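# What the coordinates show
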Amino acid sequence: MTVPAESPDTPPAPAVALASARGRWILLTTVLGSTMAMLDGTVVNVALPRIGEDLDADLAVLQWTVNAYLLTLAGLILVGGSLSDRFGRRRIFTLGVVWFAVGSLLCGIAPNAGVLIAARALQGIGGALLAPGSLALIQASIRADDRGRAIGLWSGFGGVGAAVGPFLGGWLVDGPGWRWVFLLNVPLAAVCVPVALRHVPESRDAQAHGRFDVAGAALGASALGLVTYALIEARSGSPAVMAAAVLGVLLGAAFVYVERRRADPMVPPDIFASRLFTAVNLVTLCVYAAIGGFFFLVVLQLQVVSGYSALAAGAAMLPTTLLMLLLSARSGELGERIGPRIPLTVGPLLCAAGTLLMLRVGPAASYVTDVLPAMVVLGMGLVALVAPLTSTVLASVDPGRAGLASGINNAAARVAGLLAVAALPLLSGMGPESYRSATQFDAAFGRAMLWCTGAFLAGAAVAWATVRSPVSEACHPQCRTYCAVSAPPLEPRERGDGTAAG
């Protein structure tokens, strides 16, 4: 498959300062685009009880409403990263925004559960195109000494979009109806696309070619789909479910085999030569599994068990929103100064504490004494974790592979959330009609929160065991991030200006 592109010999646009007018437009564009994807990842959760009631759906349909989106997003986000680097980051980003808006419109007018699930899958394709391009645009367009703050702001505002989703979704569900949680994306896209085309410079990896790894994309997406199906339908214990599980694992192994032997793989194995890149993606798998499971179940718990309205359940997440807004930029800068080990260890530990505090939330839960402490502690954990994790992923690879690195890390996060939403109801003993019974759901919710706590603790343990910081200030900034891994020190080399570098 080939996509027409401008000549790779076209000189790249010069990097711009974040404080300049163009730098602010670039940041606005990337925030708008990523917010659409992040917002949709959480805004839908608060609408699930009303969707189930309106469409007379069981728990499996609610899981697929979330996971149809996550499935295509996780399965194709690597494609989005590769396309972004090869054919132009702005081009693929704007295509993704338009695609996402069309999928959102179809969700908003879906007449039944089947159409809604199919439209959610289409949304995920758009998200796979826009999400990696969003971060790669910052890496390629903002000058190096401003990237830490730009990524911090991007993470903060994007996190705000994800966290404000339940509040906004609750307001829409209790007001004009659940369909508006999808239709909201259309005006956001109408603003984002013109701004991107006018103010964001095009960039690409000049070493990339136009060939595309169709086999790898098909194997990866198929493996995820079959494993997800097997987890959601595992309660039936049918031979078809068992066959899907086995086939999904086999296709996953085939994906690894193909990628290791292709001349132009979608996931080049040599990118994992960076031990920091590998370590941070393992942390991502652990913590985003817990985050995905947490946000899927908490808004259901507040509505089904604690008797909150959709708006009240969404508003319960606001402390997390405010903390991300106020502190994420500073967290990104702090992570650059002290190295990634401490933030990537402390952040998941705080999140684990917040998850344990959610065990106090049951029937007639008080917001001030039961819900608020958990949200504050969890929010502080996300503040400590998200921006340093994102910065470290990008700094651990060559800048020309920013789109690919972003795509792999996004894929790890989405796969983790996908599998958590599929597996947690099974692991915690939720039946198909559990969300209609406060007693049954409350008991299963407690068990699910313990699983989430374990995933956060595993992320903290991986970070502490595999990442080393602080590092020597004598190192070159990019080399410094690499040296933060438990690895032999690099021999000093000479920079072009004659000074020593790590």
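Computed from a prediction, not measured in an experiment: that's the story for all the values here.

About the thresholds
- Residues numbered from 1 in each chain as written.
- Predicted model: local features only at pLDDT ≥ 70, side-chain atom pairs only at ≥ 80, totals over all residues.
- Heavy atoms only, no water.
- Helix = DSSP H or I, 4+ residues; strand = E, 2+ residues; numbered from the N terminus.
- Buried < 20%, exposed > 50% of the residue type's maximum accessible area, 1.4 Å probe, protein only.
- Contact = heavy atoms within 4.5 Å.
- Expected span 1.5 Å × (residues − 1).
- Bend = angle between axes of the 7 residues up to and from the residue.
- Polar contact = N/O pair within 3.5 Å; in protein donor to acceptor, adjacent residues only side chain to side chain.
- Core = buried A, V, L, I, M, F, W, Y, C linked by side-chain atoms within 4.5 Å.
- Patch = residues over 30% accessible without salt bridge, like charges linked within 9 Å, V, L, I, M, F, W, Y side chains within 5 Å.
- Areas by Shrake-Rupley, 256 points an atom, 1.4 Å probe, with all protein chains shown as cover.
- Salt bridge = Lys/Arg side-chain N within 4 Å of Asp/Glu carboxyl O.
- 1 Å grid on protein atoms, 1.4 Å probe; cavity = no way out; pocket = protein on both sides within 12 Å on 5 of 7 lines; lining within 4 Å.
- Points joined across faces, edges and corners; volume = space filled by probe spheres on them.
- Nonpolar A, V, L, I, M, F, W, Y, C, P; charged D, E, K, R; others polar.
- Axes fitted to C-alpha atoms, helices over the stretch in contact; angles between N-to-C directions.
- Parallel < 35°, antiparallel > 145°, perpendicular 65-115°, else oblique.
- Left-handed = near helix turned anticlockwise from the far one by under 90°.

## As for the overall build of the chain
Along the chain, the regular secondary structure elements total 17 helices and two strands. Here the chain holds 502 residues, and the buried ones make up 58% of them. Intrachain contacts of the chain at a sequence separation of at least 6 include 82% that bridge at least 24 residues.

## With respect to helix H4 (residues 113-141)
Here H4 spans 41 Å end to end across 29 residues, near enough to the 42 Å set by a 1.5 Å rise per residue. Of all the bends in H4, the largest measures some 25° and sits at Gly127. By the criterion of burial, H4 is predominantly enclosed, with 21 of the 29 residues buried. Where H4 starts, the residue carrying a side-chain oxygen 3.2 Å from the main-chain nitrogen of Gly114 turns out to be Asn112.

## Focus: the nonpolar core
Grouped together as the largest cluster of nonpolar side chains are 140 residues, with contacts concentrated most on Leu297, Leu302, Met358 and Phe441. Tallying contributions element by element places helix H10 (residues 275-304) first for this core, with 17 residues. Excluding anything up to four places from it in sequence, Met358 contacts Phe294, Val298, Ala374, Met375, Phe445 and Met449.

## Concerning the environment of Asp370
Relative to the helices and strands, Asp370 resides in helix H14 (residues 367-395). Distance from Asp370 to Arg360, taken between C-alpha atoms, is 5.9 Å for residues ten residues apart in sequence. Residue contacts for Asp370: discarding those within four places in its chain leaves Leu357, Arg360, Val361 and Ala365.

## With respect to a nonpolar patch on the surface
Taken together, the side chains of Leu95, Val98, Trp99, Val102, Leu105, Leu106, Ile109, Leu122 and Val186 present a nonpolar region at the surface, about 730 Å² in accessible area. Element by element, the count of residues in the nonpolar patch is highest for helix H3 (residues 89-108), at six residues. Leu105 gets classed as partly exposed once you look at its relative accessible area, which sits at 41%.

## As for the layout of surface pockets
Roughly 810 Å³ of internal volume is contained in the largest pocket. Lining the largest pocket are 28 residues, and of these Leu78, Phe255, Val256, Phe272 and Val415 sit closest to its centre. Of all the secondary structure elements, the ones that give two or more residues to the lining of the largest pocket are helix H2 (59-87), helix H8 (214-232), helix H9 (239-261), H10 and helix H15 (402-427). The residue makeup of the lining of the largest pocket, split by class, is 20 nonpolar, six polar and two charged.

## Quick look at the packing of H3 against helix H7 (residues 185-199)
At their nearest, the axes of H3 and H7 sit 9 Å apart, and the two run at 165° to each other. By the criterion of interaxial angle, the relationship of H3 to H7 is roughly antiparallel. For the pair H3 and H7, the crossing hand works out as left-handed. Across the interface between the two elements, Arg90, Phe93, Thr94, Val97, Val98, Phe100, Ala101, Ser104 and Leu105 of H3 pack against Asn185, Val186, Ala189, Cys192, Val193, Ala196 and Leu197 of H7.

## Topic: the environment of Ile232
You can see Ile232 is positioned in helix H8. With 192 residues separating them along the chain, Ile232 and Leu424 place their C-alpha atoms 9.3 Å apart. Ignoring anything within four residues of it in the chain, the contact list for Ile232 reads Ala60, Gln63, Trp64, Asn67 and Ala422.

## Some thoughts on H8
Here H8 spans 27 Å end to end across 19 residues, near enough to the 27 Å set by a 1.5 Å rise per residue. Along H8, the positions that sit buried rather than exposed are Gly216, Ala217, Leu219, Gly220, Ala223, Leu224, Gly225, Thr228, Ala230 and Ile232.

## Regarding the pattern of salt bridges
Under the definition given, this model contains four salt bridges. Notably, a salt bridge pairs Asp56 with Arg436, separated by 4.0 Å at the nearest N-O pair. Separated by 380 residues along the polypeptide, Asp56 in the loop between helix H1 (21-55) and H2 and Arg436 in the loop between H15 and helix H16 (438-466) bring together distant segments of the chain. Close ionic contact of Asp370 with Arg360 constitutes a salt bridge, the shortest N to O distance being 3.6 Å. Taken together, the residues span a long stretch of sequence, with Asp370 in helix H14 and Arg360 in the loop between helix H13 (341-357) and H14 at a distance of ten residues. A residue is classified by how much of its surface remains accessible, and Asp370, at 13% relative accessible area, is buried. A relative accessible area of 45% places Arg360 in the partly exposed class. Each of Asp56, Glu433 and Arg436 takes part in a single network of salt bridges with overlapping partners.

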